[in-house]
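Observations on chain architecture
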Amino acid sequence: MTCSCIIIEDEPLAMERTKGFVEKVQWLNLKGTFTNALDALTFLKTNPIELLFLDIQMDELSGIELLKSLQSSPQVILTTAHDQYALESYDLNVTDYLLKPFTFDRFLKAVDKVALSSSNSQEQREFLFVKTENRLERINWDDILFIEGMRDYRRIHTISKKIMTLQTFSEFEKVFPREIVCRVHKSYMVAIKQIDALERNRIRIQEAYIPISESYKKDFFAVIQAG
C-alpha cells in the first residue's frame, strides 16, 4: 500500500524531524510540507490527501480549526507539545496524538494505526466502537435496530440494549454502507435488515415507528428496491 500525506508544522526543527521520520517509511508518500494552516487548506482543496501530520498551535489558523473546516476526511495524526487537546482530538476522530518530542518508535506506532485503519476500510467490518460515558463499547452491526437523534446525543437501539453517544450521524454515515444502516430522517438511521414493515411514510421496527423525511426518501427507497 501507499499513503499520500502532508506535514503542517510551523516549528522548523519539528518539521525536519517529522519529515525525516516520514521519509524512513517506504509506503508514506510525502506530497508537501506547510508552515501554516492557511496554505495547507488551499492545497487540500484541490489535492486529495490520505493522511495529515498536523501541528495544533499555529498562527492565523490552528490545527483544530483547520480540521473542523475540512470537507473531506483524511486520517490525521496530531503533533503537539501540549496534552490538553487530547480529549478534543478524540471528538474530531483523529488517528493518533503525538506529544513532542516523539521518538521514531512512537511515530511508527502511529502510522501503523493508519495502515490498520486503511486495511479495515477496504474489508467490510461487522462492528464498530462507540464512545459512551467514559468507555468505548463495541457494537455488532447485526445487533443494531435503529439510531435516534436526541439533541446533542445519538441513542443506538440494539437488540439487547440502548447506548447513548455524542458521535454524530455524519460519522456513522462514513462507517455504514447504506445497504446496512441507512439515513431516513435528520434524526434517524435504520438497520435495513431489521425493518418489519413500511407504512406510508413510516418504518416499523419491532414496536417503534420511524418517520421517513422527504429529503431522504428517494435514497432510502433506492436501497430498498436494490436489496
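From a predicted model like this one, the values you see are computed outputs, not experimental measurements. (Residues numbered from 1 in each chain as written. Predicted model: local features only at pLDDT ≥ 70, side-chain atom pairs only at ≥ 80, totals over all residues. Heavy atoms only, no water.)

In this section: the packing of aromatic side chains. Applying the stated rule across the entire model yields 10 aromatic pairs. Relative to Phe-43, the ring of Phe-34 has its centre 5.2 Å away and its plane inclined at 50°; by these criteria the two rings are tilted. Between Phe-146 and Tyr-188 the ring centres are 6.4 Å apart and the planes differ by 50°, which places this aromatic pair in the tilted class. Of this pair, Phe-146 sits in strand S8 (residues 144-150) while Tyr-188 sits in strand S12 (residues 188-191), and the two are 42 residues apart along the sequence. Take Phe-146 and Tyr-188: they sit in the same class, and that class is buried. Put simply, the rings of Phe-21, Phe-53, Phe-102, Phe-104 and Phe-107 touch in pairs and so form one group of aromatic residues. Over the aromatic face of Phe-127 sits the side chain of Arg-138, whose NZ or CZ is 3.9 Å from the ring centroid. Positioned over the ring face of Phe-169 is Arg-154, at 5.8 Å from the centre of the ring. (Phe/Tyr/Trp six-rings, centres within 6.5 Å; stacked < 30°, edge-to-face > 60°. Helix = DSSP H or I, 4+ residues; strand = E, 2+ residues; numbered from the N terminus. Buried < 20%, exposed > 50% of the residue type's maximum accessible area, 1.4 Å probe, protein only. Lys NZ or Arg CZ within 6 Å of the ring centre and 35° of its normal.)

Here we take up the pairing of strand S15 (residues 208-211). With burial as the criterion, only one face of S15 is covered, namely that bearing Ala-208 and Ile-210; the residues Tyr-209 and Pro-211 on the opposite face remain uncovered. Bridge count between strand S14 (residues 202-205) and S15: four bridges; the pairing is antiparallel. Bridged to Arg-204 within S15 is Tyr-209. Here S14 hands over to S15 after two residues, with Gln-206 in that stretch at a positive phi of 55°. (Pairing = 2+ DSSP bridges.)

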